[in-house]
Structure formats: C-alpha cells, structure tokens
Amino acid sequence: MHRFAEAAERRDGAAMAALFAEDVTYHTPTLTADLRGKDLTLRYLAAGTRIVDELKYTDQVSDDERLILFWTGILDQREISGATVLAGEAEGLIRDITVLQRPWGVSASFRDGILPALAGVVPLPAWQLDDRKAPAPDPDTGAGQRPGGPLALAPDVALHSAMLTKTLHGRENVEAYRKLTDGIAGTREYLARFTQAGKLVEYWNGVIDGHHLQGIDVFKLDGNGSVTDQTVWLRPWPVVTLLRDRAIAAALPFLTAGYWRLPAAPSRLP
C-alpha cells in the first residue's frame, strides 16, 4: 500500500504532511477552484477523513507519471467510494493530488459535511460554478478518441454510475445511458489508460458549458474483451450536478426516481 493510503486510513495528518511538497495543488471532488499549498490541502483532507468512517484503500494502478488509488468508506451509514490520483512526485514528495467520488447523493453529503470546517478558509466562489470558460477538447487531435473505437458490452453488463444510486443492468439500458451522458459531456481528452488482465482503467477530461469535468472509468472485461462491469467516478460536484440534472431531464424510461434518489438510511438503534 502506498504511504499516502496508509496515512489516510490512520487519519495521520503528520504522516500525510510529510508526503506533500509545499506548493502541492489539490483538485478536490467538491470545489471548482484548486487548492494550492500544503496547509490548505491538509486542512481539506483532514476535514474529509474526519467524516468518512471505515476508510479502506482497495486497489491501485500506476505508470511513470501518476498513481491512482481506489478506496471505499462509510458516510452517514451509506457507502462512498473514490479514486485518488497522485502525480508529480519528485524527491519523494507529491506535488499534485486529485480526488473523484461516487455516488452523487453521498458526495453531496460529503460536501455539506466538510463545508463548515472550511468555510473560513475556502472562499464561497470555490464551491460554485464560475464564469471561466474552458474550450472543449479538439476531436481532430485524437485526444477524444478511444483506440480501437467503443468497447463492446456483454449482454448482462452492470454499470455503477457516479450519479445513479442503484446499479444499472443490461446492454440496452447501459448503452442508452452512456449515449445520453456522453452526448451531454462531449468529447473526452484521455489523460491516462491502464490495461491489466481482464481490466481497463481510463482517466479523462471533458467540458460541460465551459466547465471542466473529470472522470475515471474502470472496466472489467470478459475473455472476448466485452465489458461485464463498469464503475465511474467524477469531479467536481457542481459540474457533476449539471450532468445529472440534464440526464434526469432527458427522462429515459427505465431510469425511475429510485435510480436518482438515495434510499432511506438504515435506522439507528437507540
């Protein structure tokens, strides 16, 4: 396990502090502005790890430029999961960290849970969409193209969306959902791709209305290379909200209200 994962699981702020460069940049799951510097980064991470219980790092992939750590936890009796991207390591220090989360409903609770602890140090505009506009990736550069074209789906494919609160099943439904969300998010710029036996991990950028959207997809593949299982993590929360609202408005018939809403939380024993 990477030293950052060990420190995060223990909620060990001193150990995390020893891993970051003074000028580290943090692309958080909830803010539209980046946090810059070790102090702000550690303050955000402390607030996040404080409210997530049973934090456990489950898997990782890496190349020469970045390491992606996958984790799960419990927030308000519901599972939250994420992908933490560490990059720019030099002399043993991390200079860039990005965190993506799912599902949207629990990420909303995460945002609300950390906001009071950070309200005095992170300005209000950082929690909201702003007027800055980013151009969409140029499809002619090849950045928005997956080598080999779209991935085939197995008949019983399962999709664990970053926005839905229930797993979506079946080739027809998953194809329709992916066509809808890809149409809203537009062309992708692929930042990294990792291939393992029976698994593909893709890390990408997109743009909605000039606002950056980032995602990580993990595909499990069968012996024919068809997708049997897909899990998606996204960031940041305000841009994911744009995507979610438009997907809801499209009213795909198989996506009933239960797919967008969290079920009632388990009752607490007295």
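On a predicted model such as this, the values are computed, not experimentally measured, just so you know. (Residues numbered from 1 in each chain as written. Predicted model: local features only at pLDDT ≥ 70, side-chain atom pairs only at ≥ 80, totals over all residues. Heavy atoms only, no water.)

### Side note on the packing of aromatic side chains
Short version of the rule: Side-chain rings of Phe, Tyr and Trp, where Trp is taken by its six-membered ring, are said to pair if the distance between their centres is within 6.5 Å; with planes under 30 degrees apart they count as stacked, over 60 as edge-to-face, and otherwise as tilted. Working definition: helices are DSSP H or I runs of at least four residues, strands are E runs of at least two. Numbering for both runs from the N terminus. Accessible area is worked out with a 1.4 Å probe on protein chains only. A residue is then buried under 20% of its type maximum, exposed over 50%, and partly exposed in between.
One pass over the structure, following the stated rule, counts four aromatic pairs. Consider the rings of Y26 and Y44, whose centres lie 5.0 Å apart with planes at 90°: the pair is edge-to-face. Placement of the pair is Y26 in strand 1 (residues 20-27) and Y44 in helix 3 (residues 38-51), with a sequence separation of 18 residues. As far as burial versus exposure is concerned, Y26 and Y44 are alike and both buried.

### Here's the deal with the pattern of salt bridges
We count it as follows: Just to be clear on terms, a salt bridge is a Lys or Arg side-chain nitrogen sitting within 4 Å of an Asp or Glu carboxyl oxygen.
Summed over all chains, the structure comprises 15 salt bridges. One salt bridge connects D12 with R10, and the closest N-O pair in it is separated by 3.1 Å. Owing to a relative accessible area of 25%, D12 belongs among the partly exposed residues under this scheme. Here R111 and D112 are joined by a salt bridge, their closest N and O atoms 3.4 Å apart. Overall, the relative accessible area of 14% leaves R111 in the buried class. Looking at D112, the relative accessible area reads 48%, which means it is partly exposed. Linked through salt bridges whose partners overlap, the residues forming this network are D63, E65 and R66.

### Brief notes about the side chain of H27
Rules: Any pair of N or O atoms that falls within 3.5 Å is considered a polar contact. Within protein, one atom must be able to donate a hydrogen and the other to accept it, and sequence-neighbouring residues count only if both atoms are side-chain atoms. Here a residue-residue contact requires only that any non-hydrogen atoms of the pair lie within 4.5 Å.
As for its position among the elements, H27 is in strand 1. Here the side chain of H27 touches D96 through a polar contact of 2.9 Å, side chain to side chain. The contacts of H27, once residues within four sequence positions are left out, are D34, D96, I97, T98, V99 and R235.

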